[in-house]
Amino acid sequence: MKHKLHRQIYPALFLLAVLMSCSGPEKLIQKGRYEQALNTLVQRLERGKITAEKIAWLQEAYDHQEPIWVRRIEPFLTTTANSSQLQGALSELNLVIRQQDQMEQIKDRIESAGFSVSTLSMDTLLNWKDRITDRLIHAYKNETDTLMVLARGGDKLAARQAYSLYQRWLKLAPDQNRLQSAMEESQSLGTNHVLFIVVDQRHDQRTNLSANGQEYEPGRIIDDWTVLHFQDEPMPFDFILYLDVNQLDVSPERVTEKQHYAQKRVIDGYRVRRDTAGNAVFDSLGKVVKDPVWITASARMVEVIKSREASLLGNLELRDEANGAIVWSHPVDLFQRFNNQFARYQGDPRALTNEERRLADNVELPFPETTELEAILWVELMNRIAEEVANLPVKAVSI
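Keep in mind it's a predicted model, so treat the numbers as computed, not measured.

(A) Summary view of the overall build of the protein chain. Helix and strand content of the protein chain: 10 helices and 7 strands. Within the protein chain, contacts between residues separated by at least 24 positions form 74% of all contacts whose residues are at least 6 apart in sequence. Carbon and sulfur atoms form 50% of the exposed surface of the protein chain, whose accessible area is close to 23,600 Å².

Below you can see the structure in the form of structure tokens.
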């Protein structure tokens, strides 16, 4: 009875599974999800049995999806559109071509099974792609030409928009040399150039701090659209960044020593325990009993601290070179400290604590030169400036 029940249930379960698997695409078609139904059917036909029912669903799904593709793409073959719209149409068309390529790969299997499907030809799709690509290139040219006219008139926002279009255009690679040259020009026109000037309020001269940067680099690229210049050059600057130095101090070298004596009770070996007669004492296992020998270990410790500081106090002020208006103003408070702490000792190292041992293991370092500390302050200052000028206003004339 049990075996008969199994023979009845298993075929029924198998039939149910087949029916469920076949009902998936049909439900997708009923819900209007034709593209998903196509993908599902193509996958099943690639690795499963080809049946008339599957081919019928495949054709039905394709017949519903094809007009949708055509409505999305065909208007861009003739009607006026901008580059963004054409780029979207081209992306859509590439998806259709990929779908069609999958269909083409299973057509041989379908035909060998005695069936056929009617679809758009690959030649038609590729022709559409060529036409939309040509129109896209034409749109890129018209839009970048218009933007570059504005950019050459001082519109940096237009220059950056042109640069973005050139990047997309370059992916189609119709004329790489020309586009590379155009991209360089648009990037140059869209870049903010900032002249950095250091003024020492304590003296009628510029502080030596600025020389630390100018000695190594005439300018620094902050990001794709911002360059900080340290030297006045025969070029138009967009902004002037002033550093008003109120204080630039480097302390003298300082050495502080602190002396103390360390003592600790430690075991200094073991000696045999003896009885009153002078004989060695043995334990229950027959081993000689030994007692620890305690002594007081001592050492003379000299803790040394070498220190030196540098500080920069002032104010950063960014001005628009076109009208002299203050864009922003921020205080500067930078501090750099050299601190080398170590220790020397004479005597028994066992008298030292763990912290004293750590100090004794530290290496004595030489004092940094004044120029080294100023260079570190310069690096910190440049990092601060990079954060501040990374999002400068972008001048736009009109678009």
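(B) Highlighting helix 2 (residues 34-47). With 14 residues, helix 2 extends 20 Å between its outermost C-alpha atoms, agreeing within 8% with the 20 Å of an ideal straight helix rising 1.5 Å per residue. Three or more residues of helix 2 are buried, namely Y34, A37, L38, L41, V42 and L45. One face of helix 2 carries all of its buried residues, which in axial projection span an arc of 130°.

(C) Quick look at the packing of helix 3 (residues 52-73) against helix 4 (residues 83-112). Packing of helix 3 against helix 4 brings their axes to within 11 Å, and their N-to-C directions diverge by 155°. The orientation of helix 3 with respect to helix 4, classified from their angle, is roughly antiparallel. Note on packing geometry: the crossing formed by helix 3 with helix 4 is left-handed. Of helix 4, the residues touching helix 3 (which contributes I55, L58, Y62, W69, R72 and I73) are A89, E92, L93, V96, Q99, Q100, M103 and I110.

(D) Molecular detail of the nonpolar core. Grouped together as the largest cluster of nonpolar side chains are 55 residues, with contacts concentrated most on L58, I110, I132 and Y166. Elements supplying a minimum of two residues to this core: helix 1 (2-30), helix 2, helix 3, helix 4, helix 5 (122-152), helix 6 (156-172) and helix 7 (176-190). Residue contacts for I132: discarding those within four places in its chain leaves I73, F76, L77, L86, A89, L90 and L93. Residues F239, A310, L312 and L377 belong to the second largest nonpolar core, which totals 26 residues.

(E) Region of interest: helix 4. Over its 30 residues, helix 4 runs 44 Å from end to end, which matches the ideal 44 Å to within 8%, given 1.5 Å per residue. For helix 4, the side-chain oxygen to backbone nitrogen distance between the N-cap and S84 is 3.1 Å, and the N-cap itself is N82. Taken from the residues just after helix 4, G114 is the one with a positive phi, measuring 90°.

(F) View of the side chain of K306. Of note, K306 is situated in strand 6 (residues 290-320). Separated by 3.3 Å, the side chains of K306 and E364 make a polar contact. The residues touching K306, leaving out its near neighbours within four places in the chain, are R254, V255, F338, N339, N340, F342, E364, L365, P366 and F367.

(G) Summary view of the packing of helix 2 against helix 4. Where helix 2 meets helix 4, the axes come as close as 10 Å, and the angle between the chain directions of the two elements is 40°. Overall, the two elements helix 2 and helix 4 adopt an arrangement that is oblique. The chirality of how helix 2 crosses helix 4 is left-handed. Here helix 2 contributes E35, L38, N39, V42, L45, E46 and R47 to the contact with helix 4, which in turn contributes Q99, Q102, M103, I106, R109 and I110. Among the residues making up the contact of helix 2 with helix 4, the classes are represented as 6 nonpolar, 3 polar and 4 charged.

(H) Quick peek at the pattern of salt bridges. All told, the structure shown has 14 salt bridges when counted by the stated rule. Where E92 meets R72, a salt bridge forms, and the shortest distance between an N and an O atom there is 2.7 Å. Separated by 20 residues along the polypeptide, E92 in helix 4 and R72 in helix 3 bring together distant segments of the chain. Judged by relative accessible area, which is 40%, R72 ranks as partly exposed.

(I) Examining the environment of L359 more closely. Along the chain, L359 turns up in helix 9 (residues 354-361). Measuring from C-alpha to C-alpha, the distance between L359 and V302 comes to 9.9 Å, with 57 residues separating the pair along the chain.

(J) Region of the structure containing a negative patch on the surface. Where like charges cluster on the molecular surface, the negative patch consists of E26, E53, E60 and D63. Broken down by element, the negative patch gets its largest block of residues, 3 residues, from helix 3. Residue position: E53 is located in helix 3.

(K) Representation of the environment of T80 within the structure. Following the sequence through the fold, T80 ends up in the loop between helix 3 and helix 4. Looking at T80, the relative accessible area reads 79%, which means it is exposed. Through-space distance from the C-alpha of T80 to that of A139 is 9.5 Å; in sequence the pair is 59 residues apart.

(L) A look at a nonpolar patch on the surface. Taken together, the side chains of I267, Y270 and W294 define a hydrophobic patch exposed on the protein surface, amounting to about 340 Å² of accessible area. Summarising the element assignment, I267 is placed in strand 5 (residues 254-272).

(M) Representation of the pairing of strand 7 (residues 326-347) within the structure. Relative to strand 7, strand 6 runs antiparallel, the two sharing 21 bridges. Bridge assignment links R319 to a residue of strand 7, and that residue is I326. Hairpin connection, strand 6 to strand 7: the antiparallel pair is bridged by 5 residues, and G324 has positive phi, about 75°.

(N) Molecular detail of the packing of aromatic side chains. The full count for this structure, using the stated rule, is 8 aromatic pairs. Seen from their ring centres, Y163 and W225 are 5.3 Å apart, and the 85° between their planes marks the pair as edge-to-face. Here W225 lies in the loop between strand 2 (219-223) and strand 3 (226-229) and Y163 lies in helix 6, a separation of 62 residues in the sequence. Note on Y163: relative accessible area 17%, which makes it buried. Between the aromatic rings of Y166 and W169, the centroid separation amounts to 6.1 Å while the plane-to-plane angle is 20°, which identifies the pairing as stacked. Residue Y166 and its partner W169 are both found in helix 6; the two are separated by 3 residues, about one turn of the helix. A relative accessible area of 4% places W169 in the buried class.

What counts and what doesn't
- Residues numbered from 1 in each chain as written.
- Predicted model: local features only at pLDDT ≥ 70, side-chain atom pairs only at ≥ 80, totals over all residues.
- Heavy atoms only, no water.
- Helix = DSSP H or I, 4+ residues; strand = E, 2+ residues; numbered from the N terminus.
- Contact = heavy atoms within 4.5 Å.
- Areas by Shrake-Rupley, 256 points an atom, 1.4 Å probe, with all protein chains shown as cover.
- Expected span 1.5 Å × (residues − 1).
- Buried < 20%, exposed > 50% of the residue type's maximum accessible area, 1.4 Å probe, protein only.
- Arc of directions from axis to C-beta.
- Axes fitted to C-alpha atoms, helices over the stretch in contact; angles between N-to-C directions.
- Parallel < 35°, antiparallel > 145°, perpendicular 65-115°, else oblique.
- Left-handed = near helix turned anticlockwise from the far one by under 90°.
- Core = buried A, V, L, I, M, F, W, Y, C linked by side-chain atoms within 4.5 Å.
- Polar contact = N/O pair within 3.5 Å; in protein donor to acceptor, adjacent residues only side chain to side chain.
- Nonpolar A, V, L, I, M, F, W, Y, C, P; charged D, E, K, R; others polar.
- Salt bridge = Lys/Arg side-chain N within 4 Å of Asp/Glu carboxyl O.
- Patch = residues over 30% accessible without salt bridge, like charges linked within 9 Å, V, L, I, M, F, W, Y side chains within 5 Å.
- Lys, Arg positive; Asp, Glu negative; His and termini not counted.
- Charge placed at Lys NZ, Arg CZ, Asp CG, Glu CD.
- Pairing = 2+ DSSP bridges.
- Phe/Tyr/Trp six-rings, centres within 6.5 Å; stacked < 30°, edge-to-face > 60°.

This is a description of form; function is not addressed.
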